[in-house]
Amino acid sequence: MTTSPGALTALLTADVDGGTFRLRHAVSGDLPAIVALLADDSLGASREVGHDMAPYERAFEAIDADPCHLLVVGEHVPAGAADGRVVGTFQLSFLPGISRQGSWRSQLEAVRVAGSLRGQGLGNLMVGWAIEESRRRGCTLLQLTTHKSRTAAHRFYERLGFDASHEGMKLTL
């Protein structure tokens, strides 16, 4: 059974120019829009390949099946409409840990807002919801990584209270 996006429970709604911004859990039908958002910058354009959706579908199934992982989309819903178009996304994962006295932490990944809508506060709404959901689930830390070249993203996260306290490393496998 396929669920229409309009039938899903909103995680957050906010009035925006011309309608409503609504956060909700992603459904498999959102994958093309999510991949397009991920590919809509210089880094993502070289990493994301939307012509083969099978890897994204497998990843979606794993994320959707595990309550410790959330894939969320933000829609712009025009005034009077039931459904809107996906204009933002992020993944939020909840991780148990031994450090910090056995506390849970959350990991925020792949935060994207459509280029035409950046600077209008949608990213603030999305990350704010992720912070509150992390608190609600008892996490003591929300962590994220952002590429060194994304200086505008660094300023955005610092404005929200994030501290560039660690040097991250990755190993491509």
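Each remark here, short or long, concerns the structure printed above.
So, a few notes on the structure that sits alongside this text. Small disclaimer: the values here were computed from a predicted structure and weren't measured. (Residues numbered from 1 in each chain as written. Predicted model: local features only at pLDDT ≥ 70, side-chain atom pairs only at ≥ 80, totals over all residues. Heavy atoms only, no water.)

Quick word on the overall build of the protein
Scanning the protein for helices and strands turns up six helices and six strands. Going residue by residue from the N terminus, the α and β elements of the protein occur as β-β-α-α-α-β-β-α-β-α-β-α. In terms of overall size, the protein behaves like a compact globule, its C-alpha atoms giving a radius of gyration of 16 Å where 173 residues would be expected to give roughly 16 Å. Across its three principal directions, the C-alpha atoms of the protein cover 50 × 35 × 35 Å. (Helix = DSSP H or I, 4+ residues; strand = E, 2+ residues; numbered from the N terminus. Rg over C-alpha atoms; globule rule 2.2 N^0.38 Å.)

Examining the pattern of salt bridges
Scanning the model with the defined rule gives seven salt bridges in all. We note a salt bridge from arginine 24 to aspartate 30, for which the minimum N-O separation is 2.7 Å. For aspartate 30, a relative accessible area of 5% corresponds to the buried category. A salt bridge links glutamate 75 to arginine 24, with the nearest nitrogen and oxygen atoms 3.2 Å apart. (Salt bridge = Lys/Arg side-chain N within 4 Å of Asp/Glu carboxyl O. Buried < 20%, exposed > 50% of the residue type's maximum accessible area, 1.4 Å probe, protein only.)

Here we look at the sheet that holds strand β4 (residues 85-96)
Read from one edge to the other, the open sheet built from six strands follows the order β1-β2-β3-β4-β5-β6, with strand pairing classed as mixed. Looking at the sheet topology across the chains shown, the edges are occupied by β1 (12-16) and β6 (139-144). If you compare each strand with its neighbour and ignore which way they point, the axes differ by 25° on average. (Pairing = 2+ DSSP bridges. Axes fitted to C-alpha atoms, helices over the stretch in contact; angles between N-to-C directions.)

So, the pairing of β1
Judged from the five bridges that link them, β1 and strand β2 (residues 19-25) form a sheet pairing that is antiparallel. Across the sheet, the residue bridging to valine 16 is glycine 19, located in β2. Here β1 hands over to β2 after two residues, with glycine 18 in that stretch at a positive phi of 80°.

Here's the deal with unusual backbone geometry
Despite not being glycine, arginine 100 has its phi angle at roughly 60°, a positive value. We note that glutamine 101 has phi near 60°; this positive angle belongs to a residue other than glycine. Here glutamine 101 is to be found in helix α4 (residues 99-102).

Considerations on the environment of alanine 81
One can find alanine 81 in the loop between β3 (69-78) and β4. Distance in space between the C-alpha atoms of alanine 81 and leucine 71 is 23 Å, their sequence separation being ten residues.

Notes on the environment of arginine 85
Looking at where arginine 85 falls in the secondary structure, it is placed in strand β4. Residues arginine 85 and aspartate 30, 55 residues apart in the sequence, show an inter-C-alpha distance of 9.3 Å.

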